[in-house]
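# Overview (structure and organization)
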Amino acid sequence: MSVPLARVSRHEVRLVPSRICRRAVLNIRHNSTTAVSEAEQQNLSWSKYLEIRKSKRKWETAVTIPACILGLVGGLAYFGSLESDATKPIMGIDPLFFYSGCTVSCMGLGYLIGPTIGAAGWRMTHRRTMNLIEAKDREFHRHIVKNRVDPTAQSATNPVPDFYGEKIGSLHQYRQWLRDQARFRRKARFAEE
């Protein structure tokens with residue numbers, strides 16, 4: 001036999017302690033607000049998605065700059081401390097030039113690793129909405145693949161405009177990207193005729 005949690009009328013005697021009732025009401029309230037927020041999250045608009053995508057790109061860029069600087073400083077610290085003999089070339093190259101090239105390549109390594117670290121940090125801060133974002137990513141890339149131009153028609157005077165749609169950060173930029181793709185198609189078609 002179950003015990004009712006709420007009173008039917010004002011004069012009925014309460015059978016359940018108030019602490020249990022509060023917990024039940026709080027659980028119901030918590031579940032209802034969770035359901036509302038999940039329903040809101042299921043409808044990720046394109047403008048919100050593109051804003052999130054733009055913030056991801058900013059994170060990647062913001063981490064790339066310090067990663068380049070750290071790579072350069074690390075390369076300078078390591079290769080600058082090595083003893084070298086100018087009379088003994090390394091792989092046929094003067095040691096000064098070889099170590100300078102290695103230092104620059106450490107900076108290039110920082111440039112390559114920076115966006116990966118930035119994307120990982122961004123993903124850690126957006127863990128709750130990653131499923132929605134990844135679903136929108138797949139849909140966005142289907143739109144890009146469907147609307148982008150054939151790159152075999154490019155020439156030196158008519159390069160492909162943003163083939164992967166990486167610079168799209170708002171609906172206005174997406175519409176501009178579509179116009180650029182249409183302009184490229186027209187130029188490529190009329191150049192052949």
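Let us look at the structure shown here. What you see is a predicted model; the values in this text were computed from it and never measured. (Residues numbered from 1 in each chain as written. Predicted model: local features only at pLDDT ≥ 70, side-chain atom pairs only at ≥ 80, totals over all residues. Heavy atoms only, no water.)

## Concerning a nonpolar patch on the surface
What counts, and what does not: Only residues whose relative accessible area exceeds 30% and that form no salt bridge are eligible for patches; like-charged ones are grouped when within 9 Å, while nonpolar side chains (Val, Leu, Ile, Met, Phe, Trp, Tyr) are grouped when within 5 Å. All accessibility values rest on the Shrake-Rupley procedure with a 1.4 Å probe; residue burial counts only the protein chains present in the view. Only one rule defines a salt bridge in this text: a Lys or Arg side-chain nitrogen within 4 Å of an Asp or Glu carboxyl oxygen. Counting from the N terminus, the helices are the DSSP runs of H or I reaching at least four residues and the strands are the DSSP runs of E reaching at least two. Relative accessibility decides the category of a residue: with a 1.4 Å probe and only protein chains considered, values under 20% of the type maximum give buried, values over 50% give exposed, and everything between is partly exposed.
Nonpolar side chains collect at one region of the surface, where Leu-109, Tyr-111, Leu-112, Ile-113 and Ile-117 lie side by side and expose about 520 Å² of accessible area between them. Structurally, Leu-109 is set in helix 3 (residues 95-125). We classify Leu-109 as partly exposed; its relative accessible area is 47%.

## Some details on the pattern of salt bridges
Throughout the structure, instances matching the rule amount to 3 salt bridges. Residue Arg-123 is joined to Glu-134 by a salt bridge in which the shortest nitrogen-to-oxygen separation is 2.8 Å. One end of the pair, Arg-123, is in helix 3; the other, Glu-134, is in helix 4 (residues 130-147), and 11 residues separate them in sequence. Glu-134 sits in the partly exposed class, given a relative accessible area of 27%.

## With respect to the side chain of Arg-53
Filter applied, for reference: By the counting scheme adopted, Arg and Lys are positive, Glu and Asp are negative, and His together with the chain ends is not counted. Contacts between residues were defined by any pair of non-hydrogen atoms, one from each residue, lying within 4.5 Å.
Topologically, Arg-53 is positioned in helix 2 (residues 46-81). The charged side chain of Arg-53 is buried without a salt bridge, its nearest counter-charge being Asp-137 at 4.5 Å. The contacts of Arg-53, once residues within four sequence positions are left out, are Asp-137, Phe-140, His-141, Gly-165, Glu-166 and Ile-168.

## Remarks on unusual backbone geometry
Outside of glycine, negative phi angles account for most residues, and trans bonds account for most peptide bonds. Unlike most non-glycine residues, Met-91 shows phi in positive territory, near 55 degrees. Mapped onto the elements of the fold, Met-91 is located in the loop between helix 2 and helix 3. In this structure, Asp-162 takes a positive phi of about 45 degrees despite not being glycine. Tracing the chain through its elements places Asp-162 in the loop between helix 4 and helix 5 (171-192).

## Looking at the side chain of Thr-64
As for its position among the elements, Thr-64 is in helix 2. The buried category is assigned to Thr-64, whose relative accessible area is 9%. In contact with Thr-64, not counting residues within four places along its chain, are Gly-110, Tyr-111, Gly-114 and Pro-115.

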